[in-house]
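Structure assessment
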Amino acid sequence: MTSVPSRTLYSWFREACDSGGGGASVFDRNTDFSAKASNIVSFELNSVIICPPKMSQSDVKTITVVGSGLIGRSWAMVFVSGGYAVKIYDNQPGQAAKAVAEIRKQLNELEEAHMIRGELTSTQQLALLSSYDDLEQALEGAFFVQECVFEQLDVKQGVFQDVERLVGDDVILSSSTSYLMPSSVFSKVHNKSRCLISHPVNPPYYVKLVELVPHPETAAGVMSTTHAVMTKVGQAPVCLKKEIDGFALNRVQAAIIAESWRLVQDGVVSVKDIDLVMSEGLGMRYAFIGPMETMHLNAPEGLEDYMKRYSGGLSRVLTSFGPVPDFCGEGAKKICNEMSELIPSDQKHLTARKERRDQLLMGLSKLKKDHEDAS
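Since we're looking at a predicted model, the values are computed, not measured.

**A few points about the overall build of the protein**
Within the protein, the secondary structure is distributed over 14 helices and 10 strands. Taking the contacts inside the protein whose residues are at least 6 apart along the sequence as the reference set, 67% of them involve residues at least 24 apart. Summed over all atoms, the accessible surface of the protein reaches about 21,300 Å², with 55% contributed by carbon and sulfur.

Structure below.
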């Protein structure tokens, strides 16, 4: 067998993978690499390296992301991780290009940390990404549009009016809104059957839940296609059966926020300790199982048994809840000051804590994935 240096083999491997690779292959120590001139997959010492399968251009579908802020960049990263071509558009000249540069930096860092999502390398994912200052060019060839502009109803309505004029009737129109109702967001769209909300949780790259909320006229096929897209890119989609103010996640979150605020405001517990109630108590369980399964597992014979045992106490506590708190009055200032004593509100401290949050979420996401893979 002709001797081929391992460095040469590695360069062959990297070149093949970065250009799209060949069919995925695995070779062992006895492979005659002299017979392999391209699409090489090699080993170093006892390691096996597998090149991701090649995708032809005709197989790649296009998604347009409208808005290049934090959520827009996050969606773009999620979509390219699943092998979609992504066109980022922003109406501010140069902003979409800046977003691509920021995504490049993030993907390279994630790859170095072995936390990049999907089966493609950062180079392959970045090759699927492009930026546009012209909306019509950005929408050309897209089958799915994800809107990510700021949370202002008239702005979102205007975006979808502009988009609808430039795309075919079969293109799905999706909004990232956190609180606005689908019937409001899409009120000026003519064909409402292809519209829905795809509400992510910040940051979407690490927190996989996405709520799919239909407009009253949304077609069932649009919901199922969007569910399939989100599943393919590794998100965890949940389908609401009808629109409701706040959707599901924000309603549950609002209930937690309201009671936490009341308990602090009424002098029952401190800001620090109410956060510990969640992070070291409820959150430990809820990271893996939800409230329904928690109750189901907390009684010898399941959920019905749980309610027979504890519904009385649960009802008594619920009736003791106070009115909606005043989040902006004099009492609120005390709570905000107490929080700022723990974590100062300047950008230096807030940025550091956000980075810490993202690192912890990244680790938790990996733990959950490893658990799923082992199941």
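**Concerning the sheet that holds strand β7 (residues 172-175)**
Taken together, the 8 strands give an open sheet; going across it, the order is β5-β4-β3-β6-β7-β8-β9-β10, and neighbouring strands pair in mixed fashion. Of all strands in the sheet, those bounded by a partner on one side alone are β5 (129-132) and β10 (236-239). On average, each strand axis in the sheet is inclined to that of its neighbour by 25°, with strand direction left out of account. Two strands pair when backbone bridges link them, and strand β4 (residues 85-89) and β5 are joined in this way by 4 bridges, in the parallel orientation. Following the sheet pairing, Tyr89 is matched in β5 by Tyr132. In the packing of helix α8 (residues 220-232) onto the sheet, the strands contacted are β3 (62-66), β6 (142-147), β7, β8 (195-200), β9 (209-214) and β10, and the crossing angle to β9 comes to about 170°.

**Overview of the nonpolar core**
Here is a general trend for soluble globular proteins: nonpolar side chains tend to be buried in one another's company. Phe79, Leu110 and Leu129 are the most contacted members of the largest nonpolar core, which totals 39 residues. Among the elements of the structure, β3, α2 (70-81), β4, α3 (95-112), β6, β9 and α8 are those that each provide at least two residues to this core. At 6 residues, α2 tops the list of elements feeding residues into this core. Apart from the residues within four sequence positions on either side, Phe79 is in contact with Ile63, Val65, Tyr84, Val86, Phe144, Gln146, Val229, Met230 and Val233. Membership of the second largest hydrophobic core comes to 22 residues, among which are Val66, Tyr89, Val189 and Val213.

**Observations regarding unusual backbone geometry**
Note the cis peptide between Asn202 and Pro203, where omega equals -5°. Locating Pro203 in the fold gives a position in the loop between β8 and β9. The residue Phe247 is not glycine, and still its phi comes out positive at about 60°. Following the sequence through the fold, Phe247 ends up in the loop between β10 and α9 (249-265).

**Here we look at a nonpolar patch on the surface**
A surface patch of nonpolar side chains, about 580 Å² in accessible area, is lined by Met292, Leu303, Met307, Leu314, Val317, Leu318 and Phe321. Per element, the largest residue contribution to the nonpolar patch is 5 residues, and it comes from helix α12 (residues 303-319). Its place among the elements puts Met307 in helix α12.

**Description of the pattern of salt bridges**
Overall, the coordinates contain 11 salt bridges when judged by the stated rule. Its salt-bridge partner being Glu259, residue Arg262 comes within 2.8 Å of it at the nearest N-O pair. Of this pair, Arg262 and Glu259 both sit in helix α9, 3 residues apart, roughly one helical turn. The same class applies to Arg262 and to Glu259, which are both buried. Put simply, Glu147, Glu151 and Lys156 are held in one network by salt bridges that share partners.

**Some points on the confidence of the model for the protein**
Looking at the protein as a whole, the pLDDT averages 88, with 85% of positions reaching at least 70. In this model residues 1-52 is a low-confidence stretch, pLDDT under 50, and it forms 78 contacts with partners more than four residues away in sequence or in other chains.

**Quick look at the packing of aromatic side chains**
The final tally for this structure, using the stated rule, is 8 aromatic pairs. It is Arg117 that lies over the ring of Tyr205; its NZ or CZ is 5.3 Å from the centre.

Criteria and cut-off values
- Residues numbered from 1 in each chain as written.
- Predicted model: local features only at pLDDT ≥ 70, side-chain atom pairs only at ≥ 80, totals over all residues.
- Heavy atoms only, no water.
- Helix = DSSP H or I, 4+ residues; strand = E, 2+ residues; numbered from the N terminus.
- Contact = heavy atoms within 4.5 Å.
- Areas by Shrake-Rupley, 256 points an atom, 1.4 Å probe, with all protein chains shown as cover.
- Pairing = 2+ DSSP bridges.
- Axes fitted to C-alpha atoms, helices over the stretch in contact; angles between N-to-C directions.
- Core = buried A, V, L, I, M, F, W, Y, C linked by side-chain atoms within 4.5 Å.
- Buried < 20%, exposed > 50% of the residue type's maximum accessible area, 1.4 Å probe, protein only.
- Patch = residues over 30% accessible without salt bridge, like charges linked within 9 Å, V, L, I, M, F, W, Y side chains within 5 Å.
- Salt bridge = Lys/Arg side-chain N within 4 Å of Asp/Glu carboxyl O.
- pLDDT = per-residue confidence, 0-100.
- Phe/Tyr/Trp six-rings, centres within 6.5 Å; stacked < 30°, edge-to-face > 60°.
- Lys NZ or Arg CZ within 6 Å of the ring centre and 35° of its normal.

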